[in-house]
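Report on the structure
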Amino acid sequence: MLEPVTIIMPTWNNPDFLFPAIQSIYACKADFPIKLLIVNNGHPGITASIPDVPEIEVIQAPENLGWEGGLQLGLKHSTAPFVGFINDDIYLPVSSAIWLRKLMDNFA
């Protein structure tokens, strides 16, 4: 069984890039178990249209904690043995579908 990976993604009022980033992550996760923790440092309404699925958790920060503060808050909500940090403007092309498996092979 594969160990799940938590991906922490801080965001601040960036819906134009956030939603495509989420879609690209899930389009490229292949069969690797992940949980995406989105730490919203901005307006609460920004994350309202994020799919309500078990693999995605939105954490509303009490204020703008910045990048590092968002990561720290996300870490407090993770119990996974492996955690990755990712920007909210990332785009993973479909040709990178096994990126996480390749990364995790180094820890096997």
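None of these values were measured; they are calculated from a predicted model.

Rules used in this analysis
- Residues numbered from 1 in each chain as written.
- Predicted model: local features only at pLDDT ≥ 70, side-chain atom pairs only at ≥ 80, totals over all residues.
- Heavy atoms only, no water.
- Helix = DSSP H or I, 4+ residues; strand = E, 2+ residues; numbered from the N terminus.
- Buried < 20%, exposed > 50% of the residue type's maximum accessible area, 1.4 Å probe, protein only.
- Contact = heavy atoms within 4.5 Å.
- Expected span 1.5 Å × (residues − 1).
- Arc of directions from axis to C-beta.
- Core = buried A, V, L, I, M, F, W, Y, C linked by side-chain atoms within 4.5 Å.

The next point concerns the environment of Phe 32. Assignment of secondary structure puts Phe 32 in the loop between α1 (15–27) and β2 (34–40). Phe 32 gets classed as buried once you look at its relative accessible area, which sits at 5%. In this structure, the C-alpha to C-alpha distance between Phe 32 and Met 104, residues 72 residues apart in sequence, is 9.6 Å. Setting aside residues no more than four positions away along its own chain, Phe 32 makes contact with Leu 2, Glu 3, Val 5, Leu 100, Arg 101 and Met 104.

Attention now moves to α1. Taking 1.5 Å of rise per residue, 13 residues should cover 18 Å, and α1 covers 18 Å from first to last C-alpha, within 8% of that figure. Within α1 the residues assigned to the buried category are Leu 18, Ala 21, Ile 22, Ser 24 and Ile 25. Projected onto a plane normal to the axis of α1, the buried residues spread over an arc of 170 degrees and lie on a single side. For α1, exposure combined with an orientation more than 90 degrees from the buried face picks out Asp 16 and Gln 23.

Glancing now at the nonpolar core. Counting 18 residues, the largest nonpolar core has Ile 7, Met 9, Ile 22, Ile 25, Leu 36 and Ile 38 as the members making the most contacts within it. Where this core is concerned, the elements lending two or more residues are β1 (5–11), α1, β2 and α3 (99–105). The greatest single-element share of this core, amounting to 4 residues, is contributed by α1. Setting aside anything within four residues of it in sequence, one finds Ile 38 in contact with Met 9, Thr 11, Leu 18, Ile 22, Ile 50, Ile 56, Glu 57, Val 58 and Ile 59. Among the nonpolar cores identified, the runner-up in size contains 7 residues, and Leu 37, Val 39, Ile 59 and Leu 71 belong to it.

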